[in-house]
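Coordinate analysis (summary)
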Amino acid sequence: MIKNLLLTALRSLKKNKFFSLLNISGLAIGMAVFLLIAQYVRFEKSYESFVSGKENIYRVKLEVYDKNELIMASAENYPGVGPALVTELPEVVSYARLYNMGYKNNVVITNENAKPDPIAFRQRRFLYADSTFLPMMGYEMVKGNAKDALKDPFTAVISEKYAKMYFGKEDPIGKTLHLRDDDFVDELVKVTGVFKELPSNTHLKFDVLFSYNSLYPRGDWAVQRYRLGWRRKDMYTFIQLKPGTDPKKTEAKFPAIVAKYKPELKESTQKQVLGLQPLKDIHLTSDLTEEPETNGNARTVFFLGLIGIFVLIIAWINYVNLSTARALERAKEVGVRKVIGAVKGQLISQFLTEAALVNLLSVLIAWGLTFLCLSSFNTMSGLALDKTYLVQPWFFALLFLLWIVGSLLSGFYPALVLSSFKPIIVLKGKFQNANRGVLLRKGLVVTQFIASIALIAGTFIVYRQLKYMTSRDMGMNINQVMVVERPGIMDTSQTVYNSSIDAFRNELKKDPSIEAVSASFTIPGKQREYKVQLKRYGVANSDSVIVRFNSLDYDFLEVFQMKLIAGRKFSPDFPNDDDTSVIITETASRLLGFKKPEDAIGQTLTIQAFGSWNPIVVGVVNDYHQISLKKPLDPSIFNCSLYGGEYYSMRINTSNLPRTIDHVRKSWATAFRGNPFEYFFLDEYFDLQYSSERKFEKLFVSFAVLAIIIGCLGLFGLSAYTASQRIKEIGIRKVLGASVPDITKMLSKDFLKLVIIAIVIASPIAWWAMSKWLEDFAYRVNISWWIFVVAGALALLIAMLTVSLQAIKAAIANPIKSLRTE
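Note that this is a predicted model, so its numbers are computed, not measured. (Residues numbered from 1 in each chain as written. Predicted model: local features only at pLDDT ≥ 70, side-chain atom pairs only at ≥ 80, totals over all residues. Heavy atoms only, no water.)

1. A closer look at the packing of aromatic side chains
Applying the stated rule across the entire model yields 35 aromatic pairs. Measuring from ring centre to ring centre gives 6.5 Å for Tyr40 and Phe377, while their planes differ by 90°; the resulting arrangement is edge-to-face. Taken as a pair, Tyr40 in helix H2 (residues 17-44) and Phe377 in helix H13 (residues 344-381) lie far apart in primary sequence, 337 residues in all. A ring pair is formed by Phe126 and Phe210, whose centres lie 4.8 Å apart and whose planes are at 85°; its orientation type is edge-to-face. With a gap of 84 residues between them, Phe126 in strand E6 (residues 126-129) and Phe210 in strand E11 (residues 208-211) connect regions that are remote in the sequence. The two residues Phe126 and Phe210 agree in class, both being buried. (Phe/Tyr/Trp six-rings, centres within 6.5 Å; stacked < 30°, edge-to-face > 60°. Helix = DSSP H or I, 4+ residues; strand = E, 2+ residues; numbered from the N terminus. Buried < 20%, exposed > 50% of the residue type's maximum accessible area, 1.4 Å probe, protein only.)

Shown next as structure tokens:
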């Protein structure tokens, strides 16, 4: 029986090749889109899934409030937090701290015993880690013991990749690496372990771990600073709770611990709050400062998942519409089958078999399309999925589920309609089915166009928001600015190092293409939350404001082309600028109570983070965006520092860029011997903050276009159905003198009404959904009414073109053929 059903289904598909092709291609494209998005969603939600015991591991975050206003929310906190939590709370099993020196400092790690020459790399993915970190996370070790590898000072574990890069085929265990950084750290460490390469679905990506205990032997001050201190707040702290512990109840105990270890807060306007973040949720839900990497966005994942479901539903709706469009053709087939004894159940089985076959072919083609498109999808999404993801058990289970669910959802209604025809009526040629299921079919078309219009409107809004953020005036010019970070290998003498900086500056100025050079503590785009409390001298602490702090030299304003609104810039004509002077931004001036920027010049301020430092305001500059427009603009204060900069920024003329870069490289090699040379352009660096939005835009637009194309196939099918149902009416109208435009208008108007209904329903839905998406941005575009007008007009145009193909075909047909049986 099954064989007979399959043979009959195959004959039906071969007989109607065009409609079969439409059915299969529409379903295959829709399923392929769904499968690609499913890969993306699953990967984004799989972060830290490989960590055993992840459900009990949490990261401790720190929020700082001043006068009940949140001024900092950081992924880092005090080194004393972990020890305090284990001591005070019995439910805390263990803690592990990480010091992200590779992110903060310029670190160079060298194998000086390599032959023929030492091997050195500037290391970005480098952390100091407690000995408990490896056992807590359960990373797989290739060599060495995770429990003891980082127990002793001056020990290190490295990745397989770096083991080969530093030591080749030699066994790295017991070998020595030399660590130097730009804070004058100079240490020899012994390799005690090699760990397997970390998977890409982790927010903690590192290649080298040094023992956290290496920070202690520098003296008693280091023990307080790095082990037990509650002053510097630049450590990641992970804790492991006992199974079954309620994290909310644990968090409720944190305020008492903060009060015990930070008693000075009692007399302050400041409040500090510790909180817990589940390890598995960090990637999609955390947007704190000092994150190890740019995290994902749960809202983006949700929206893309929704698009995937919409596209799949639209594809299934297409099958229903295209199948019912063929009802007239198959009516006599059903009548003959019923006359020779077929019952309704057998007919339903036959049509469900056809649906199952079409869905099976579609699933197989969709799997092939997913395989072919994976590389392009990786480029758009920024992922690095390989072909092995498409042969995993969960993926085959998803394919099977798509086949079963698709066969039932898309096949049941057409099977029910087709099996319900009365044989006497259809065999006499008096088949009438125009009103059966009309409301359902129209509802399906409206649903398709609701999704299509919402996607069109969403595409406009995403594009406008991204363009708005990237084209808005930042308050400074970051184009044609080349940046190098300060050297990782530095002379232990500050005097010698300062001389090297002077030599570097002087060499750079010899090239006329380099228009200005400046050293600064941070640069635009750097997610560094260094803020201070600032007030006018002599006023109460309650009148202080929180401002962003940066150190820079004389030429910062020239490099970034900022406007001096009042006063002067830092200058060598004022040798005491580095001790006595500051420049503030316009918003900082206003928050401090000065009516005009000029009123701030010559006024004394107190920066409370520096104790009794009371500098004088010598200049006021325009406001600028230190980070992306996803965050509000911060008021800022600058102090003068000729040799404290961590970044050297150069405004360059790009007319002969290769020669200019070569000159910078030679100047670097002359001034900072032995240091690897690396550079980047600031506009590209700043733009990285919008990488997730750009990926979202590409994916959104691509899948929106595919959804619209698939939706048009459904409309094409329904218009074919309508034309076939009214073929005799059209013939009579033509005989009575109706023109082709008249008939085209008659057949099209009902569909256009459906599109207008879809526009009315889709507009508020799209407005609500995109408003939710825009909530993530401090600076955002207004959702204008014209967006929905344009989206609706495009939908109407697409619908008219699609329907007109069938309408014109029916209108130009010979009426004799349709009326000869009357």
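2. Here we look at unusual backbone geometry
Of note in the backbone geometry, Gln480 takes a positive phi value of approximately 60° without being a glycine. Topologically, Gln480 is positioned in the loop between helix H16 (438-471) and strand E14 (481-485).

3. Things to note about the pairing of E14
Buried residues dominate E14, accounting for five of its five residues. Burial of E14 is two-sided: the residues Val481, Val483 and Glu485 facing one way and the residues Met482 and Val484 facing the other way are all buried. The pairing of E14 with strand E24 (residues 680-681) spans two bridges and is antiparallel. Bridged to Val483 within E24 is Phe680. (Pairing = 2+ DSSP bridges.)

4. Notes on a positive patch on the surface
Together, Lys442, Lys745, Lys749 and Lys753 make up a region of like positive charge exposed at the surface. Counting residues per element, the positive patch draws most heavily on helix H26 (residues 740-774), at three residues. (Patch = residues over 30% accessible without salt bridge, like charges linked within 9 Å, V, L, I, M, F, W, Y side chains within 5 Å. Areas by Shrake-Rupley, 256 points an atom, 1.4 Å probe, with all protein chains shown as cover. Salt bridge = Lys/Arg side-chain N within 4 Å of Asp/Glu carboxyl O. Lys, Arg positive; Asp, Glu negative; His and termini not counted. Charge placed at Lys NZ, Arg CZ, Asp CG, Glu CD.)

5. Focus on the environment of Gly538
Residue position: Gly538 is located in the loop between strand E16 (531-536) and strand E17 (545-552). Taking relative accessible area as the criterion, Gly538 reaches 69% and is therefore assigned exposed. The spatial distance from the C-alpha of Gly538 to the C-alpha of Thr606 is 8.2 Å, given a sequence separation of 68 residues.

6. Structural notes on helix H6 (residues 160-167)
Looking at H6, one finds that the buried residues are Tyr162, Ala163, Tyr166 and Phe167. Looking straight down H6, one finds its buried side chains confined to an arc of 110°; they lie on one side. The elements touched by buried residues of H6 are strand E4 (107-111), strand E5 (119-123), strand E8 (155-159), strand E9 (176-181) and strand E10 (186-195). Gly168 sits one or two residues past H6 and shows a positive phi near 60°. (Arc of directions from axis to C-beta. Contact = heavy atoms within 4.5 Å.)

7. Some thoughts on the nonpolar core
With 110 residues, the main nonpolar core has Phe449 and Phe560 as its most contacted residues. Sort the elements by how many residues they give to this core and H16 lands first, with 14 residues. Residue contacts for Phe560: discarding those within four places in its chain leaves Met476, Asn477, Ile478, Val481, Pro524, Ser649, Arg651 and Leu682. Judged by nonpolar contacts, the second largest core, of 28 residues, contains Ala73, Ala75, Leu134 and Ala146. (Core = buried A, V, L, I, M, F, W, Y, C linked by side-chain atoms within 4.5 Å.)

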